[in-house]
Amino acid sequence: MRRLEILDGMRGYFLVFMMLNHLTFTGGYLLVKFNHSELGYVQDAQGFVFLSGLLVGMVYARRMLKEGYAEGARKIWKRAFEIYRYAAGSLIIIMALGLVLKDSATYWEPWLWSLASHDPVYAVASLLLLHQPTYMDILPQYIIYMLVAPPLVWLCVTGRWMWVVVWSVVLWAAVQLSLHYPSASGIHYMLSWVHEGQILRTAFNVLAWQIVFMSGLVLGSLTAAQKIDWKKVFAPDDTALAWGAFVLVLFFMVIRLGFTFEVMPEDMGQRFRNLDNRVEFSLVYLLNFMATGYLVAWLVAAGPAAGNGIVRALGNGLRWIFTLPFLRLIGRHSLQVYAWHVIVIYLLKGFEYHHGPFGELTKTGIALLAIASLAIPAIYRERASLFGKTALAQRDAGSVANRR
């Protein structure tokens, strides 16, 4: 199996759980509780952002090595524009639906905020990626990262990757120390001249979350430049880091379950909550991301060859999950599938408003159908190859029959 296939499967896995996590029902629903995010502080967005950075590094570093910086940069910026087209397209579809669907301003207001009232100022701000509605806020940060990616990829392939690492860590640390506040206040102040209200709205602090994307970009670029021997990094007999990562993941899992079952001491819980900041990707999330990422990668790469039977079973199990055809299918078209999932989520919100509330069985059925629908844009994009293979097989079968 080629390396990219299992990465596609991982992206598909995160897309499935994004659908589950973003789908909302009155009173919640049980299926969403069967979720890795319930056990710790690693969520789908982190994995999705990291894999995007990893693939950017792997794909475009290879292009730069073969065709030079200018051609690689052109391809990256072309991809950034493609992402913008899908971000703007999904936004325009939602705004258009909002004009024709009854009471949309009511049930979409918690997600669209001021855009729900069809204010043209917020419509323009949204198309400029300043006012980002709920679930339409992950693509804009990709665009920003892609716009600055070319020189960073070039630094990596020319042996200066530590500069990228250092500046990424510095930016992340600056956010943790609130050093970005003056800049953020200045942006809000300037935008207030244009329109009084919250024009700038995002769910992710791009200066903090860039550490996830850039770590993937660096590793992907070094992989393309053949400067990392992954067989040594994930050696089956070298388990020290894997066990360390497991202990760290287990530690935070206990804390998370302590909050879930309300057994965490109040003083300890309050102090920990001060460190729990998803928007700014605080240290809690960074440590969990690093530990879980390494542990999963080691299990997938080295687990099947490990001496311990349980570890082998875990490694083979993860490989089986990440190579499921459905996951690989939607992972190959992650941009289109993500844009599709946004529209489905918004439509289902209106469907529940008019026809709900639903029982648990109905909620589960809707969720499963929503997940299955993720294949629609992927199959549509692969229709030529899929139907072409079918036609070719039928033609070959007909030829064999005629010869007989």
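None of the values given here were measured: they were computed from a predicted structure.

Describing unusual backbone geometry
- Residue P357 is bonded to the preceding G356 through a cis peptide linkage, with omega at 0°.
- With respect to the helices and strands, the residue P357 is situated in the loop between α17 (334-355) and α18 (360-373).
- Positioned with a positive phi, D103 is a non-glycine residue whose angle comes to about 65°.
- With respect to the element layout, D103 can be found in the loop between α3 (69-100) and α4 (104-107).

As for the packing of aromatic side chains
- Enumeration over the complete set of coordinates arrives at 29 aromatic pairs.
- On the numbers, 5.6 Å between centres and 90° between planes, the contact of Y13 with F322 is edge-to-face. One end of the pair, Y13, is in helix α1 (residues 3-22); the other, F322, is in helix α15 (residues 309-322), with 309 residues separating them in the sequence. Both residues of the pair, Y13 and F322, count as buried.
- Geometrically, the ring pair formed by Y41 and F272 is tilted, given 5.6 Å between the ring centres and 55° between the ring planes.

Quick word on the packing of α3 against helix α6 (residues 120-127)
- Following both chains from N to C, one finds α3 and α6 inclined at 155°, their axes separated by 10 Å at the closest point. If you check the angle between α3 and α6, you find them roughly antiparallel. At the point where α3 passes α6, the crossing takes the right-handed sense. Along its contact with α3, which presents Y84, A88, L91, I92 and M95, the element α6 presents A123, S126 and L127.

With respect to a nonpolar patch on the surface
- A cluster of nonpolar residues, W161, M162, W163, V166, W167 and V170, forms a patch on the protein surface that exposes about 630 Å² of accessible area.
- With respect to the helices and strands, V170 occurs in helix α8 (residues 161-176).
- Accessibility expressed as a relative area gives 40% for V170, which makes it partly exposed.

Let's talk about the pattern of salt bridges
- Using the criterion set out here, one finds six salt bridges in the structure.
- Note that R11 is salt-bridged to D8, the shortest N-O span being 3.1 Å. Of the two residues, R11 and D8 both sit in helix α1, three residues apart, roughly one turn of that helix. Each member of the pair, R11 as well as D8, is classed as buried.
- The partner of E382 in a salt bridge is R332, and the shortest N-O contact between them spans 2.7 Å. Of this pair, E382 sits in the loop between α19 (375-381) and α20 (383-403) while R332 sits in helix α16 (residues 325-332), and the two are 50 residues apart along the sequence.
- With a relative accessible area of 13%, E382 lands in the buried category.
- Taking relative accessible area as the criterion, R332 reaches 39% and is therefore assigned partly exposed.

Cut-offs used in this document
Residues numbered from 1 in each chain as written. Predicted model: local features only at pLDDT ≥ 70, side-chain atom pairs only at ≥ 80, totals over all residues. Heavy atoms only, no water. Helix = DSSP H or I, 4+ residues; strand = E, 2+ residues; numbered from the N terminus. Phe/Tyr/Trp six-rings, centres within 6.5 Å; stacked < 30°, edge-to-face > 60°. Buried < 20%, exposed > 50% of the residue type's maximum accessible area, 1.4 Å probe, protein only. Axes fitted to C-alpha atoms, helices over the stretch in contact; angles between N-to-C directions. Parallel < 35°, antiparallel > 145°, perpendicular 65-115°, else oblique. Left-handed = near helix turned anticlockwise from the far one by under 90°. Contact = heavy atoms within 4.5 Å. Patch = residues over 30% accessible without salt bridge, like charges linked within 9 Å, V, L, I, M, F, W, Y side chains within 5 Å. Areas by Shrake-Rupley, 256 points an atom, 1.4 Å probe, with all protein chains shown as cover. Salt bridge = Lys/Arg side-chain N within 4 Å of Asp/Glu carboxyl O.

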